[in-house]
Amino acid sequence: MRIQADSVRAKLKGVLAIALAVSIAGCGDVPQTIMDPAGDNARTTLDLFVPILWLSFAIFIGVEGFIVYSMIRFRYRKGNDGIPVQTHGNTKLELLWTAIPAVIVVILAVMTFRVIAVQAAEPAPDAVQVEVVGNQWWWEFYYPELGITTANELYLPVGRDAAFTLKSNDVIHSFWFPRISGKMDMVPGRTNKMRFRPEKTGEYDGQCTEFCGFAHAEMQMRLFVVEQEGFDAWVARQKASPSPSTQIATRGGELVRTRGCAACHAIAGTDVQGQIGPELTAFGLRTTIGAGLVENTDENLAAWIRNPEAVKPGVKMPALGLNDEEIAAVVSYLKELK
Ligand code: CUA
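To keep things clear, this report deals only with the structure shown in the data block. (Residues numbered from 1 in each chain as written. Predicted model: local features only at pLDDT ≥ 70, side-chain atom pairs only at ≥ 80, totals over all residues. Heavy atoms only, no water.)

### Here's the deal with the overall build of the protein
A count of helical and extended segments in the protein gives nine helices and twelve strands. The buried share among the 338 residues of the protein stands at 36%. In the protein, 64% of the contacts between residues at least 6 apart in sequence involve partners at least 24 apart. (Helix = DSSP H or I, 4+ residues; strand = E, 2+ residues; numbered from the N terminus. Buried < 20%, exposed > 50% of the residue type's maximum accessible area, 1.4 Å probe, protein only. Contact = heavy atoms within 4.5 Å.)

### Side note on the pairing of strand E5 (residues 162-168)
Most of E5 sits inside the fold, with six of its seven residues counted as buried. The pairing of strand E1 (residues 128-135) with E5 spans seven bridges and is parallel. Counted as the bridge partner of Val-133 is Lys-167 from E5. (Pairing = 2+ DSSP bridges.)

### A closer look at the nonpolar core
For soluble globular proteins, nonpolar side chains are generally found buried alongside one another. Within the largest apolar cluster, 36 residues are counted, with the highest numbers of intra-cluster contacts made by Tyr-143, Leu-154, Phe-164 and Phe-175. Elements supplying a minimum of two residues to this core: E1, strand E2 (138-143), strand E4 (153-157), E5, strand E8 (192-196), strand E10 (220-226) and helix H4 (228-240). The biggest single contributor to this core is E10, with five residues. When near neighbours in sequence (up to four residues on either side) are disregarded, Tyr-143 contacts Val-128, Gln-129, Val-130, Ile-148, Thr-150, Leu-154, Tyr-155, Phe-231 and Trp-234. (Core = buried A, V, L, I, M, F, W, Y, C linked by side-chain atoms within 4.5 Å.)

### Some details on the packing of helix H2 (residues 40-73) against helix H3 (residues 91-119)
Between H2 and H3, the least distance of the axes is 9 Å, while the angle of their chain directions is 170°. In this view, H2 runs roughly antiparallel relative to H3, as classed from their interaxial angle. Residues Asn-41, Thr-44, Thr-45, Leu-48, Pro-51, Ile-52, Leu-55 and Ile-59 of H2 form the contact with H3, whose participating residues are Ile-104, Leu-108, Met-111, Thr-112, Val-115, Val-118 and Gln-119. (Axes fitted to C-alpha atoms, helices over the stretch in contact; angles between N-to-C directions. Parallel < 35°, antiparallel > 145°, perpendicular 65-115°, else oblique.)

### Section: the packing of helix H7 (residues 298-306) against helix H9 (residues 324-335)
Interhelical geometry of H7 versus H9 gives an angle of 125° and a closest axis separation of 9 Å. Taken together, the axes of H7 and H9 lie oblique to each other. Two packed elements cross with a definite hand, and for H7 against H9 that hand is right-handed. Residue-level inspection shows Asp-298, Leu-301, Ala-302, Ile-305 and Arg-306 of H7 in contact with H9, the latter providing Asp-324, Ile-327, Val-330, Val-331, Leu-334 and Lys-335. (Left-handed = near helix turned anticlockwise from the far one by under 90°.)

Remember that the coordinates give geometry; whether it matters functionally is a separate question.
Written out as structure tokens, the structure reads:
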């Protein structure tokens, strides 16, 4: 008996150790967590989620408690083979277990409607306006008041409202920065509106959260929340690009214009004005390529241009058949756009 108890205890310890390891592993670097909000909508949503979670926990303990209590209290006992007293109906109990859930539902509804009302507020008058267009499989960001178009990486000033119009060019996508706000679908032929206010500076990962085809999982984006001065500096840099040293007359620029890039991509201030692919203005400022897929290094960019499909299966950009020397020239031209 003693040995058995020890081995059960050892097994239990093992299970606990594994459970602990798994939960600790889940606490590491989680860039897309809703539990660490950095925007007003994410914060008010979490403030709703946590009390509801505790309430559910209390209900769980109560219900399971009654079940366990009944199992022990009314279990089979040796020599007691009779049928228990049969009862039917108990008006008091029936009323009680109708009333309690009704009250709980009303409490949850009031809490939820209050948060919905707060999050449905109109954007502040000084909100940064951004038009977002979803594409298979990347994001276009257009700041109509600033005349800036960029892709996959969004800049916003901290503590100021951002007002979004959300559209799609092809299928349904969904716009989501988990640490900043809830999600909103982007539906072809419709314009959805959304607002949020980033509350902490930092880098935030976002993700398309509506299945939109082959590379849905690789449709990522990044939000940079910066102080107002940093935002103004970013705007100025976007507008100044391309700098004089990177005019289209360079070898790389010539290749971009004549070897296919210009059919899809646009670079402000040049005659490269394609309308299909991500804007390349100030491309050198981007931290990633392929919609958040890989870091924007020379090697990754060269691999991308050589064969985009190998980096991001399903991507619509074709390989352009450039040789290594040409790829290197295009890479250095693009990286200079900043
Ligand atoms: Cu776009 Cu999923």
